[in-house]
Amino acid sequence: MTAVFTVPDMTCGHCEKTVRGALEEALPGAAVAVDLSSKRVAVEGDALKAEEAIREAGYSPERVAA
């Protein structure tokens, strides 16, 4: 299952790298797609774990329909 989030406070390449790294650590082997221009993140796997990982990295994810 793919979880899709908007992350409004993800504003630069460093933010993108931080979010991607947090998701890859929380969900090893999961496919992660980050689109900085639309501030969207899609990740395969557990949506709650993904949301928690993004929050722990210091960002404010908002879940949207896939």
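Above this text you will find the structure in question.
Here the residue index of a chain counts from 1 through its sequence in written order. Local features in a predicted model are, by the rule used here, given only for residues with pLDDT of at least 70; side-chain atom pairs are given and counted only at 80 or more, and totals for whole chains, interfaces and linings are based on all residues. Each side-chain value is derived from all of the structure's non-hydrogen atoms; neither hydrogens nor water enter the calculation.

K.L.:
Which parts of the structure should I look at to understand helix 2 (residues 47-56)?
P.N.:
Counting along an α-helix, one turn takes 3.6 residues, and residues three or four places apart therefore face a common direction. Only protein chains enter the accessibility calculation, which uses a 1.4 Å probe; a residue is then buried when its area is under 20% of its type maximum, exposed when over 50%, and partly exposed in between. We count a stretch as a helix when DSSP gives it H or I for four or more residues in a row; a strand needs E for two or more, and each element gets its number in order from the N terminus. Within the span of helix 2, buried status applies to Ala 47, Ala 50, Ala 53 and Ile 54. The arc enclosing the buried residues of helix 2, seen along the axis, measures out at 125°, which places them on a common side. Pointing more than 90 degrees away from the buried face of helix 2 are the exposed residues Leu 48 and Glu 56. Contact between two residues is taken to exist if any of their heavy atoms lie within 4.5 Å; hydrogens are not considered. Looking at the packing, one finds that the buried side of helix 2 touches strand 1 (2-6), helix 1 (13-26), strand 3 (40-44) and strand 4 (62-64). Here a polar contact is recorded for every N or O atom pair within 3.5 Å, except that within protein the pair must consist of a potential hydrogen donor and a potential acceptor, and residues adjacent in sequence are included only if both atoms are side-chain atoms. Structurally, the start of helix 2 carries an N-cap: the backbone nitrogen of Leu 48 is 2.9 Å from a side-chain oxygen of Asp 46. Of the residues flanking the end of helix 2, it is Gly 58, one or two places downstream, whose phi is positive at about 100°. An arc is given here, and it is the one of the directions from the helix axis to the C-beta atoms.

K.L.:
Can you walk me through the nonpolar core in this structure?
P.N.:
Nonpolar side chains tend toward joint burial in soluble globular proteins. We call a set of buried Ala, Val, Leu, Ile, Met, Phe, Trp, Tyr and Cys residues a nonpolar core when their side-chain atoms join them within 4.5 Å. Ranked by internal contacts, the top residues of the largest apolar core, which has 18 residues, are Leu 23 and Val 43. Mapped by element, the contributors of at least two residues to this core are strand 1, helix 1, strand 2 (32-35), strand 3 and helix 2. In contact with Leu 23, not counting residues within four places along its chain, are Val 32, Val 41, Val 43, Ala 50, Ala 53 and Ile 54.

K.L.:
Teacher, can you tell me more about the pairing of strand 2 here?
P.N.:
In regular strands, side chains alternate between the two faces of the sheet. Every second residue of strand 2 is oriented toward a common face, the buried set being Val 32 and Val 34 and the non-buried set Ala 33 and Asp 35. Should DSSP find at least two bridges between two strands, the strands are regarded as paired. One ladder, built from 4 bridges, connects strand 2 with strand 3; its direction is antiparallel. In the sheet register, Val 34 faces strand 3, and the bridge partner there is Val 41. Connecting strand 2 to the next strand, strand 3, in antiparallel fashion are 4 residues, including Lys 39 with a positive phi near 60°.

K.L.:
I would appreciate a short explanation of the pairing of strand 3 in the present structure.
P.N.:
Burial of strand 3 is one-sided: the residues Val 41 and Val 43 facing one way are buried, the residues Arg 40, Ala 42 and Glu 44 facing the other way are not. With 5 bridges connecting them, strand 1 and strand 3 associate as antiparallel partners. Looking across to strand 3, one finds that Val 4 is bridged to Ala 42.

K.L.:
Is there a simple way to think about the pattern of salt bridges in this case?
P.N.:
Here the idea is simple: oppositely charged side chains can pair when their charged atoms come close. Whenever a carboxyl oxygen of Asp or Glu lies within 4 Å of a side-chain nitrogen of Lys or Arg, that contact is scored as a salt bridge. Applying the stated criterion across every chain yields a total of 2 salt bridges. A salt bridge links Arg 20 to Glu 16; its shortest N-O distance comes to 3.7 Å. Of this pair, Arg 20 and Glu 16 both sit in helix 1, 4 residues apart, roughly one helical turn. Ionic pairing is found between Glu 51 and Arg 55, a salt bridge with its closest N-O pair at 3.0 Å. Taken as a pair, Glu 51 and Arg 55 lie in helix 2 at a separation of 4 residues, close to a single helical turn. For Glu 51, a relative accessible area of 22% puts it in the partly exposed group.

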